[in-house]
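Analysis of the macromolecular model
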Amino acid sequence: MAKRALIEQRPWLLASIAAATAFYFLSDNPVFEGTWGLLAKGASVGLLAIFVVLRVPHDHEHRADSLLLVLALALASAGDVAIELYFTVGGAFFAAAHCVAVALYLRNPRARHSPSQRMLSIALLIGTPLISFLLSGRAEIAIYAAFLGAMASAAWYSRFPRYRVGTGAVLFVVSDWLIFSRLGSYDLGVLPDLLIWPLYYAGQVMIATGVVQCLRGEQPVR
């Protein structure tokens with residue numbers, strides 16, 4: 001079984017990492033700009049969706065969760081491409097992805113929460129749109145960030161491993177904050193250029209692999 005999984009399933013994860021790495025290092029290359037760059041960017045998270053399809057058990061108990069995760073990743077992949085062409089359309093795709101992810105996390109609540117974890121979940125829900133507005137100075141960004149904060153808050157509140165899925169969602173938030181800093185008066189130098197894509201993609205990988213491993217029962221929920 002391990003050999004079959006390696007041959008048939010994990011290469012999709014490796015292909016996703018390869019596409020993300022190529023986009024990061026070659027996106028400024030004239031040969032890689034345009035169609036090839038968009039394909040690499042979209043494939044980075046799109047291939048994670050295929051990885052999920054092949055790794056999550058195809059039984060009735062896990063079917064809905066698998067479909068929700070795949071849909072969230074597919075919408076994010078579409079957003080990755082669309083945002084390069086039309087910023088607002090890309091944001092709409094991501095907002096839809098966050099809504100689907102919230103549905104997934106709310107379907108999988110954690111039985112117990114410590115006071116500190118509960119407070120962190122609330123802080124993500126409220127703080128994400130607030131900081132996003134302070135960084136960008138735009139109301140429409142704050143509205144989008146309300147969906148982003150709901151996603152991160154629900155991820156942290158879910159039964160999925162916090163130090164993978166919850167942390168991945170937080171990395172997603174930080175990546176978007178770096179984007180929003182470009183829209184406002186904050187000058188963070190080269191940090192956005194260096195960190196936006198690695199933080200975002202690492203967050204998506206942590207979310208996808210964390211949910212998959214939890215559903216497969218390969219690691220205990222922390």
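Residues numbered from 1 in each chain as written. Predicted model: local features only at pLDDT ≥ 70, side-chain atom pairs only at ≥ 80, totals over all residues. Heavy atoms only, no water.

What follows is about the packing of helix α7 (residues 139-157) against helix α8 (residues 162-183). Here α7 crosses α8 at 165 degrees, and the two axes come no closer than 8 Å. For the element pair α7 / α8, the angle class is roughly antiparallel. Handedness of the crossing formed by α7 with α8: left-handed. Across the interface between the two elements, I141, Y144, L148, M151, A152, A155 and W156 of α7 pack against R162, V165, G166, T167, A169, V170, F172, V173, D176, F180 and L183 of α8. Its residues assigned to classes, the contact of α7 with α8 comprises 14 nonpolar, 2 polar and 2 charged. (Axes fitted to C-alpha atoms, helices over the stretch in contact; angles between N-to-C directions. Helix = DSSP H or I, 4+ residues; strand = E, 2+ residues; numbered from the N terminus. Parallel < 35°, antiparallel > 145°, perpendicular 65-115°, else oblique. Left-handed = near helix turned anticlockwise from the far one by under 90°. Contact = heavy atoms within 4.5 Å. Nonpolar A, V, L, I, M, F, W, Y, C, P; charged D, E, K, R; others polar.)

We now examine α7. Spanning 19 residues, α7 covers 27 Å between terminal C-alpha atoms, matching the ideal 27 Å at 1.5 Å per step. Buried within α7 are the following residues: I141, A142, Y144, A145, L148, G149, M151, A152, S153, A154, A155 and W156. Against the buried residues of α7 lie α5 (87-106), α6 (115-136) and α8. (Expected span 1.5 Å × (residues − 1). Buried < 20%, exposed > 50% of the residue type's maximum accessible area, 1.4 Å probe, protein only.)

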